[in-house]
Structure formats: structure tokens, C-alpha cells
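# Observations on the three-dimensional arrangement
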Amino acid sequence: YILYILIIRSIMKVFILMLGFFFVIGCTKNSYNYKFLKEPPSKLKKEVGVFLIIPKDGWYGNKIYNNSGKMTSRALKNEFLNYTSSVHISSECKEINECLKIIPEKKYNYLVLPEIMHWEDRATEWSGKPDKIKIHILIYNINSKEEICSAMVESKSGLGTFGGDHPQDLLPKSFKLFMNSLY
């Protein structure tokens, strides 16, 4: 009888350890998604210039996350540089028509307008609430002045982050997945 109890206890300990291990592994996994609101008619051309606008900083509730717009445009630029050598980040314009007037058509083919819809930085390690980002991206053909595509990129951190993670850490992989579908 005592041997039976010891065996059951050992099995329970192993089961609890395995359950804890799978919980930690599952909670550290970030999720990355994108959804086309308007799909591009074809793949984007490689090696053509991209004119990228810096979006307004993101916010959550009453808190504005300073420089989140610059971090977003830098992360997008880094991904576009995998497909073209000419990417210009601009704060000179914010609206499509305003931008189309100032962009040199011979140098750039695409106008990219990101908009931060949601930017949430949480102390995930103790609150159990993940960091989240949601970014709307419009891409226009500068020469034809037509919208090529529109997409929503959404990501959130896992729950077991062990501290120090921020929404901007989600940007590179989010944009990499999105760009792979464009080119």
C-alpha cells in the first residue's frame, strides 16, 4: 500500500512539472497575424523605391507612447530593405494627397502609410495581460495614384515574458510575415 502511494505521488509530481513546463512554454509564445482588407492584385515589384510616412504615436487609454510612430516606421523600413535599397522615411506629410504632391515619382513607386490603431504596453510578467499592437497599413502606387492594398497587422506577446518586453519588440516579426505576402 505504501509503495502504491509513493508511485502515485511520483507520477503526480512528474505530471505537475510537465503541466507547468507546457504552461510556461505556451504562455511565452507571441502571436503574429495580418489580414488584408484589400489584397494586392499582384506581388509588389522588388528594387523599386518606397516612400514611408511616420505615423502618429500610438496610445492606450490616456497614455501616449512617445516615439512609437518612429519605431513603427523604422521597423517597416528595415523589412522593406530586404526587397529594395531605396526606402525614405518622411515626416513631411501625413495625408495621401499631400504626400503624392511632394514625392519624386521617378525615385519612388510606393507610398506606405501606417497608422497605429492600438499600442498597449503592459507589465505582462505580473499582470498577466499581454502587450498588443494593431497597425493599419495602406500602400499606394505613386505613379497611378491608386491604392494597391490595405492590411491590418496585429500581434500580442505571450503571458510568460519574464519582463522587459515591449510592443515594439513585436514589430519586426509582424512586418516580416506581412512583407513575405507582398513580395
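This report concerns the structure included in the present document. (Residues numbered from 1 in each chain as written. Predicted model: local features only at pLDDT ≥ 70, side-chain atom pairs only at ≥ 80, totals over all residues. Heavy atoms only, no water.)

### A few points about a nonpolar patch on the surface
Together, Tyr1, Ile2, Tyr4, Ile5, Leu6, Ile8 and Met12 make up a nonpolar patch on the protein surface, roughly 810 Å² of accessible area in all. Position of tyrosine 1 among the secondary structure elements: in the segment before helix H1 (2–28). (Patch = residues over 30% accessible without salt bridge, like charges linked within 9 Å, V, L, I, M, F, W, Y side chains within 5 Å. Areas by Shrake-Rupley, 256 points an atom, 1.4 Å probe, with all protein chains shown as cover. Salt bridge = Lys/Arg side-chain N within 4 Å of Asp/Glu carboxyl O. Helix = DSSP H or I, 4+ residues; strand = E, 2+ residues; numbered from the N terminus.)

### Structural notes on the layout of surface pockets
As a volume, the largest pocket reaches approximately 380 Å³. Forming the walls of the largest pocket are 16 residues, and the residues nearest its centre are Lys56, Lys94, Glu95, Pro114 and Glu115. For the lining of the largest pocket, the secondary structure elements donating two or more residues are strand S6 (110–120) and strand S7 (132–141). No other element matches the five residues that S6 contributes to the lining of the largest pocket. Looking at the lining of the largest pocket, its residues break down into ten nonpolar, one polar and five charged. (1 Å grid on protein atoms, 1.4 Å probe; cavity = no way out; pocket = protein on both sides within 12 Å on 5 of 7 lines; lining within 4 Å. Points joined across faces, edges and corners; volume = space filled by probe spheres on them. Nonpolar A, V, L, I, M, F, W, Y, C, P; charged D, E, K, R; others polar.)

### Focus: the environment of asparagine 82
For asparagine 82, the location among the structural elements is in the loop between helix H2 (68–80) and strand S5 (87–90). Sequence separation between asparagine 82 and lysine 46 is 36 residues, and the spatial gap between their C-alpha atoms is 9.1 Å.

### As for the packing of aromatic side chains
Inspection of every chain in the model, using the stated rule, returns six aromatic pairs. Relative to phenylalanine 36, the ring of tyrosine 34 lies with its centre 5.7 Å away and its plane at 80 degrees, an arrangement referred to as edge-to-face. When its relative accessible area of 35% is taken as the criterion, tyrosine 34 is described as partly exposed. (Phe/Tyr/Trp six-rings, centres within 6.5 Å; stacked < 30°, edge-to-face > 60°. Buried < 20%, exposed > 50% of the residue type's maximum accessible area, 1.4 Å probe, protein only.)

All we've got here are geometric facts, nothing functional implied.
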